[in-house]
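Structural features, examined
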Amino acid sequence: MADEAKALPRRCAVCGKPVEPPGRYRPFCSARCRQIDLGRWLAGDYAIPGEEAEQPEDDAEGR
């Protein structure tokens, strides 16, 4: 069964096209897909779950 998993081609994380094993842009098929993924991270489309940080109290109220 492990041999079957190695034989299946990897797919691009963005568009789903096959990715060559020694590919330069792995896990993406191209620089374009890599940039699209980066843009998604920067836009906040992806998030890593975790605890929310405490927000500091605003000092402007006491002035």
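For the structure, see preceding data.
Reading the values: rules and limits
- Residues numbered from 1 in each chain as written.
- Predicted model: local features only at pLDDT ≥ 70, side-chain atom pairs only at ≥ 80, totals over all residues.
- Heavy atoms only, no water.
- Phe/Tyr/Trp six-rings, centres within 6.5 Å; stacked < 30°, edge-to-face > 60°.
- Helix = DSSP H or I, 4+ residues; strand = E, 2+ residues; numbered from the N terminus.
- Disulfide = S-S within 2.5 Å.
- Buried < 20%, exposed > 50% of the residue type's maximum accessible area, 1.4 Å probe, protein only.

**Focus on the packing of aromatic side chains**
- Taken as a whole and assessed by the stated rule, the structure comprises one aromatic pair.
- Look at W41 and Y46: their rings are 5.0 Å apart centre to centre, the planes differ by 65°, and that puts the pair in the edge-to-face class.

**Section: the environment of Q35**
- Mapping Q35 onto the fold places it in helix α2 (residues 31-43).
- Each C-alpha atom, one on Q35 and one on V14, is 9.9 Å from the other, the two residues being 21 residues apart in sequence.

**Here we look at the state of the cysteines**
- Scanning the model with the defined rule gives zero disulfides in all.
- Its sulfur unpaired, C29 is 3.6 Å from the next cysteine sulfur, which belongs to C15.
- Overall, the relative accessible area of 28% leaves C29 in the partly exposed class.
- Counting only cysteine sulfurs, C12 is the nearest neighbor of C33, a cysteine outside any disulfide, at a range of 3.7 Å.

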